[in-house]
Amino acid sequence: MHIKPYRASALLVPSPKRITDTEGTFILHRGTTLSCEPQFKVIASFAREIFSCETEGDDIKILLERDLQEEAYRLSITSESIVLRASTNTGAFRALSTLRKLDLLTTHELPCCEIEDAPDYGWRGFMIDCSRHYLSIEFLKKLIDTASLFHLNRFHWHLTDDQGWRIPLEGWDRLEKIAAHRRQLQYTDGRTYGIMYTKEEILDLQAYAHQRHILIIPEIETPGHVSSLLAAYPEFGCTAGPYEVQDRWGIFDEVLCCGNDAVLDFLRDAIKQIAALFSDPYIHIGGDECPHTAWEHCPKCQQRMLEAGLSEERQLQSWMTSQICQMVHQEGKRPIGWDEVLEGTEKLGLPPDLIVMSWRGSEGGIQASKRGHQVIMSPNTEGCYFDYKHTDSKEEMGNLGVSTLTQVASFSPVSDSLDEQAKKKILGAQANLWTEQVTSSRQAEYLLFPRLFLLSQQLWNTLDDAKGLEKLPILYQMCEKLGLLCYKGPAT
Ligand code: ACM
Ligand code: ZN
C-alpha cells in the first residue's frame, strides 16, 4: 500500500473549518494544466505563474459555486485532479493559497483531501510601523505575500510618527526635506536617512497587495505623534517651535494646534491626497497618546474651546477627531482611530461609523462595541503586540512587554463579557509591529514569525487551549521555505 508522506490536515495553518484526508497524492509539475471559468481569469493567471503551469487543460480547475460566502472556498485534491470552488475572486484566491501552502510544504506532492473553508473574522490584519524605521518595499512585498498565504487580509501601514514622515504629499515639500529625515544622535545603529516612499512605490505595493486580496490601510497620526511634521511646519504647533524630528521614542508634548485653521487645511489636503493614492475604503487617523499640555497654554486652542463650548482639553481632542473624520468622509472613506478616540467625548460624541482599534487591552474595544462602534482588537495585553519579546528573557530582543506564543495561540478577539449585539461589532483583530527598536527587516521577521501565523489561525478558525502550538514544527518549516527568520524558543 502506498504510504502517504503527509496528511493535509496536519500541514495546514490556519486549519480549515472542515477537512477530510483521503488516499494518494497529486504531483504538481511543469506539465500540469489549468483552466477556469471566465470570472477567475486573473486568479488563474496568478496560479499559472506560481505553479509554472502554462498549458490550458483540466488538471486544475477553478469553478464558480454561487452559494459560497465571499471568502469561503472548497478545495478537492485527488490523485487525478484538483478543483477549487468559490463565489468570488477573493474566495478563489484563498483556495489557491491553501493549495500553494501544500505545494510549498510537500515539494509538489500534494496530499489528497477534501476541504470546505470560511473565516471566523473579516478583519485579519497586521500593522507595520515604517516611520520609526523605514522598511523597504521589497520587504513589505515579502510580508504581504507571506501574509496572503495564511489568509490575512489587512495591511495597516503606519506611515507617520515623531521619528519620520514617509508619505509624499504634493505641495508640502518640507515633508521630504525635513520630516522624512531620521536623526541619529544617540548610540544606536548609527544610520541616518531621509527616505519617503514614492507614489510609484506605493501604487506598486498596493497593486501587489490587491493581487493577493489584501487591503491596505494607510495611517497618518493625528493630533499627537507629529514631531516630524512639526519640525517641517512649526506653525502647525501651539508654540511655533522650534521642533525636531525625534531620535528617541516616547510620548511628546508637541502636538497639532487645534486652534489654527492652517492645521485643518493641511489635514484636509493630506487626507484628500491619501484618499486619492490609496483605493481601499479605510484611512487610519491615529489618535493615540496625545498629551494635552500644549493646548492648555495655547490661546488659539483655548479660543477654539470657547467657540465650541468645551470645558476641558480632553474634549478638544474629540473635537479634532470629529473634524478629521469629516474630512475622511468627505473623501468617501471610513475612519479608524486608536482607542483614545473614545475619551473626552461626553460633549460632542463621535461619528458613529468611526472604527475603534483597541490597543490598551480589550477594554476600549468592549466600550466602543457597547457604544455601537465597529471594533478591531489589537490588545497589547493579550499577545497582539509583536514588538514585545517572545518570552520574558534578557536574552530576547523586543520592547516594553512580552507576547508569548501561547498567548497568541489562545487569543480570541471576542471576550466573554460581551453580549451578542456587541460581539457582532468586533470585525476581527490584528498584530502590531512597532519599530522603535527594529532597525532591519531581519529583526522584523524574527519578531513577526511564527506569531503572525498563530494569529492567522485564531482569526480564521479560532482554536481553544493554544491548540495551534501543535503545528509549530510546520510553521518553522514554512519559514525555512519562505526564507524568513523566526523565533524557535519557549512558547511561554
Ligand atoms: C499604540 O501602541 N500607541 C497605538
Ligand atoms: Zn494650540
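Above this text is the structure in question.
Residues numbered from 1 in each chain as written. Chains lettered and ligands numbered in written order. Predicted model: local features only at pLDDT ≥ 70, side-chain atom pairs only at ≥ 80, totals over all residues. Heavy atoms only, no water.

Explanation requested: the overall build of the chain in the structure shown.
Secondary structure summary: the chain contains 17 helices and 16 strands in total. For a compact globule of 492 residues, the expected C-alpha radius of gyration is about 23 Å, and the chain comes in at 24 Å, within 12% of that figure. Summarising its shape, the C-alpha atoms of the chain cover approximately 85 × 50 × 45 Å along the three principal directions. Counting across all 492 residues of the chain, residues that qualify as buried make up 60%. In the chain, the share of contacts with a sequence separation of at least 24, taken over all contacts with a separation of at least 6, comes to 71%. Surface accessibility of the chain: about 19100 Å² in total, with carbon and sulfur atoms responsible for 49%. Charged side chains of the chain number 50 positive and 69 negative; the gap between the two group centres comes to 2 Å. (Helix = DSSP H or I, 4+ residues; strand = E, 2+ residues; numbered from the N terminus. Rg over C-alpha atoms; globule rule 2.2 N^0.38 Å. Buried < 20%, exposed > 50% of the residue type's maximum accessible area, 1.4 Å probe, protein only. Contact = heavy atoms within 4.5 Å. Areas by Shrake-Rupley, 256 points an atom, 1.4 Å probe, with all protein chains shown as cover. Lys, Arg positive; Asp, Glu negative; His and termini not counted. Charge placed at Lys NZ, Arg CZ, Asp CG, Glu CD.)

I keep staring at the packing of helix α8 (residues 261–277) against helix α11 (residues 313–330) and nothing clicks. Help me out?
Helices that pack against each other are described as a pair by the angle of their axes relative to one another and the distance between those axes. At a minimum axis separation of 9 Å, α8 and α11 run at an interaxial angle of 35°. By crossing handedness, the relation of α8 to α11 is classed as right-handed. Along the contact surface, α8 presents Val263, Leu264, Leu267, Arg268 and Ile271, while α11 presents Trp319, Met320, Gln323, Ile324, Met327 and Val328. Here the contact of α8 with α11 is built from residues that sort into 9 nonpolar, 1 polar and 1 charged. (Axes fitted to C-alpha atoms, helices over the stretch in contact; angles between N-to-C directions. Left-handed = near helix turned anticlockwise from the far one by under 90°. Nonpolar A, V, L, I, M, F, W, Y, C, P; charged D, E, K, R; others polar.)

I tried to follow the packing of aromatic side chains on my own but got confused; where do I start?
Two descriptors summarise a pair of aromatic rings, namely the distance from one centre to the other and the angle between the planes of the rings. On inspection of all chains with the given rule, the structure shows 20 aromatic pairs. Between tyrosine 385 and tryptophan 434 the ring centres are 6.5 Å apart and the planes differ by 45°, which places this aromatic pair in the tilted class. Pair noted here: tyrosine 385 is in the loop between β15 (375–377) and α13 (405–410) and tryptophan 434 is in the loop between β16 (426–433) and α15 (441–448), with a separation of 49 residues, a long-range link. This pair shows no difference in class: tyrosine 385 is buried, exactly as tryptophan 434 is. Ring pairing ties together the aromatic residues Phe126, Tyr134, Phe155, Trp157, Tyr197 and Phe278, which thus form one cluster. When the ring centre of tryptophan 123 is taken as reference, the NZ or CZ atom of arginine 154 above it lies at 4.9 Å. Its guanidinium or amino end placed over the ring of tyrosine 208, arginine 212 lies 3.5 Å from that ring's centre, counting from NZ or CZ. (Phe/Tyr/Trp six-rings, centres within 6.5 Å; stacked < 30°, edge-to-face > 60°. Lys NZ or Arg CZ within 6 Å of the ring centre and 35° of its normal.)

What is the right way to read the coordination of the zinc ion (ligand 2) from this model?
Ideal donor angles around a metal are set by the shape: a four-donor tetrahedron calls for 109.5 degrees, a six-donor octahedron for 90 or 180 degrees. The protein atoms that coordinate the zinc ion (ligand 2) are Cys238 (SG), Cys257 (SG), Cys298 (SG) and Cys301 (SG), at distances spanning 2.3 Å. Positions of the donor residues of the zinc ion (ligand 2) along the chain correspond to the pattern C-x18-C-x40-C-x2-C. With cysteine 238 in the loop between α7 (227–232) and α8 and cysteine 298 in the loop between α9 (293–296) and α10 (299–308), this pair connects stretches of sequence that are 60 residues apart. A residue is classified by how much of its surface remains accessible, and cysteine 238, at 14% relative accessible area, is buried. Overall, cysteine 298 belongs to the buried group, its relative accessible area being 2%. (Donors = N, O, S within 2.8 Å, 3.2 Å for Na, K, Ca; no water.)

I would appreciate a short explanation of the sheet that holds strand β6 (residues 109–117) in the present structure.
Within a sheet, each strand pairs with its neighbour through backbone hydrogen bonds, oriented either parallel or antiparallel. With mixed pairing, the 6 strands of this open sheet are ordered in space as β1-β6-β4-β5-β3-β2. Each end of this open sheet is capped by a strand with a single partner; those strands are β1 (18–27) and β2 (34–36). Strand-to-strand, the axes of this sheet are offset by a mean angle of 20°, without reference to chain direction. Summarising the sheet, strand β3 (residues 60–64) and strand β5 (residues 82–86) pair through 5 bridges and their orientation is parallel. Of the residues in β5, the one forming a bridge with leucine 64 is alanine 86. (Pairing = 2+ DSSP bridges.)

I would appreciate a short explanation of the environment of glutamate 65 in the present structure.
Considering the arrangement of structural elements, one finds glutamate 65 in the loop between β3 and β4 (73–77). You can call glutamate 65 buried: its relative accessible area is 16%. Residues glutamate 65 and valine 341, spaced 276 residues apart in sequence, show a C-alpha to C-alpha distance of 42 Å. Non-local contacts of glutamate 65, meaning those with residues more than four positions away in its chain, are made with Arg74, Arg85, Ala86 and Ser87.

Mind showing me how you'd approach helix α3 (residues 89–106) here?
At 3.6 residues per turn, the α-helix brings residues three or four places apart onto the same side. If you check α3, its first and last C-alpha atoms are 26 Å apart, about what 18 residues at 1.5 Å a residue would give, namely 26 Å. With 16 of 18 residues buried, α3 is to be regarded as a mostly interior element. Its side-chain oxygen 3.3 Å from the backbone nitrogen of threonine 90, threonine 88 forms the N-cap of α3. Where α3 ends, the next residue or the one after it, threonine 107, has phi of about 45°, a positive value. (Expected span 1.5 Å × (residues − 1). Polar contact = N/O pair within 3.5 Å; in protein donor to acceptor, adjacent residues only side chain to side chain.)

Can you help me understand the nonpolar core in this one?
Ranked by size, the top nonpolar core spans 151 residues in total, and within it Ile128, Phe155, Trp157, Trp165 and Tyr197 carry the most contacts. Among the elements that line this core, the one with the most residues is α8, at 9 residues. Those residues in contact with tryptophan 165, other than ones at most four positions away along the chain, are Leu159, Thr160, Leu175, Ala179, Ala180, Ile195, Met196, Ile220, Ser228, Leu229 and Phe266. Counting 14 residues, the second largest nonpolar core, distinct from the first, contains Ile355, Met357, Tyr385 and Trp434. (Core = buried A, V, L, I, M, F, W, Y, C linked by side-chain atoms within 4.5 Å.)

Looking at this model, I keep getting lost on the sheet that holds β16. Mind explaining?
Taken in spatial order, the 8 strands line up as β7-β8-β11-β12-β13-β14-β15-β16 and close into a barrel, and their pairing is parallel. Taking each pair of neighbouring strands and ignoring which way they run, the sheet shows an average axis angle of 30°. Along the sheet, α8 makes contact with β11 (215–222) and β12 (282–286), crossing β11 at roughly 170°.

Is there a simple way to think about the pattern of salt bridges in this case?
In a structure, side chains of opposite charge can pair up when their charged atoms sit close to one another. The final tally for this structure, using the stated rule, is 27 salt bridges. Among the ionic pairs, lysine 141 bridges to aspartate 204, the shortest N-O distance being 2.7 Å. Residue lysine 141 is found in helix α4 (residues 137–149), and its partner aspartate 204 is found in helix α6 (residues 199–211); the two are separated by 63 residues along the sequence. Note that lysine 199 and glutamate 170 form a salt bridge whose closest N and O atoms lie 2.7 Å from each other. Pair noted here: lysine 199 is in helix α6 and glutamate 170 is in the loop between β10 (164–165) and α5 (174–179), with a separation of 29 residues, a long-range link. Judged by its relative accessible area of 26%, lysine 199 is partly exposed. The structure contains a network of salt bridges with shared partners spanning Asp129, Arg132, Asp161 and Glu436. (Salt bridge = Lys/Arg side-chain N within 4 Å of Asp/Glu carboxyl O.)

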